[in-house]
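Residue strings, one per chain:
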Amino acid sequence: LGINREKIGDIFTHNKRFYMCATNTMINFLNLNLAKIKKFNISTSIIEENIKKDEEKVKSFTGIINSERLDCLVSEMANISRKDAQIMIKNKKIKLNYEVISNTSKSVEENSLVSIRGYGRYRLIEYLGSTKKDKLRIKYIKYI
């Protein structure tokens, strides 16, 4: 429908149904025009009650990175080279706390949410300290 992602909010599931949060101006437009997603026919309706999200499933990981830079973190989380991570960041395929970031050297704080297009959504839980070779040990989760 040519809608910018900034016009709609979260998309989540509850009881095997998908829900989308949207502004009042977008609700009527979506309800009238959204009939298909790719090859799948869908039906829409407006719900004004609060829906509780299903509990999110996560898998926990630990890793080792060179520094707190975004490219190092993306490289570890997506299991790709640092050079490929830098290309993805420059191509605006990485979001840090819901904001598109194009600076590869951006420092990432604990509890930050990292979305990597094509690889998933991750949360940096904490920095666990340094290794003997002065690298950083991290704990992070991937949302499944």
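Look up a bit, the structure's there.
Keep in mind that what you see is a predicted model, and the values were worked out from it rather than measured.

Caption draft 1: Structural detail: a nonpolar patch on the surface. A contiguous nonpolar surface patch, about 260 Å² in accessible area, is contributed by Leu1, Ile3 and Phe29. Topologically, Leu1 is positioned in the segment before β1 (8-14). By relative accessible area, Leu1 is classed as exposed at 57%.

Caption draft 2: Local environment of a negative patch on the surface. Judged by side-chain charge, Glu68, Glu109, Glu110 and Glu126 come together as a negatively charged surface patch. Within the fold, Glu110 resides in the loop between β7 (99-100) and β8 (113-116). The partly exposed category is assigned to Glu110, whose relative accessible area is 42%.

Caption draft 3: Seen up close, the sheet that holds β8. Reading across the sheet, the 6 strands line up as β5-β10-β9-β8-β6-β7 and stay open at both edges, with antiparallel pairing between neighbours. The open sheet is flanked by β5 (58-65) and β7, the only strands paired with a single partner. Bridging between strand β9 (residues 120-130) and strand β10 (residues 136-143) involves 8 bridges; their strand directions are antiparallel. Considered in β10, the bridge of Glu126 is made with Lys139.

Caption draft 4: Structural context of the side chain of Ser112. Examined against the element boundaries, Ser112 turns out to sit in the loop between β7 and β8. Classification of Ser112 by relative accessible area gives buried; the value is 4%. Polar contacts involving the side chain of Ser112 include one to the main-chain carbonyl oxygen of Glu109, which spans 2.7 Å. Contacts of Ser112, omitting those with residues within four sequence positions, involve Leu96, Asn97, Tyr122, Arg123 and Leu124.

The rules behind the values
Residues numbered from 1 in each chain as written. Predicted model: local features only at pLDDT ≥ 70, side-chain atom pairs only at ≥ 80, totals over all residues. Heavy atoms only, no water. Patch = residues over 30% accessible without salt bridge, like charges linked within 9 Å, V, L, I, M, F, W, Y side chains within 5 Å. Areas by Shrake-Rupley, 256 points an atom, 1.4 Å probe, with all protein chains shown as cover. Salt bridge = Lys/Arg side-chain N within 4 Å of Asp/Glu carboxyl O. Helix = DSSP H or I, 4+ residues; strand = E, 2+ residues; numbered from the N terminus. Buried < 20%, exposed > 50% of the residue type's maximum accessible area, 1.4 Å probe, protein only. Lys, Arg positive; Asp, Glu negative; His and termini not counted. Charge placed at Lys NZ, Arg CZ, Asp CG, Glu CD. Pairing = 2+ DSSP bridges. Polar contact = N/O pair within 3.5 Å; in protein donor to acceptor, adjacent residues only side chain to side chain. Contact = heavy atoms within 4.5 Å.

Limitation: the analysis is restricted to geometry and does not speak to function.
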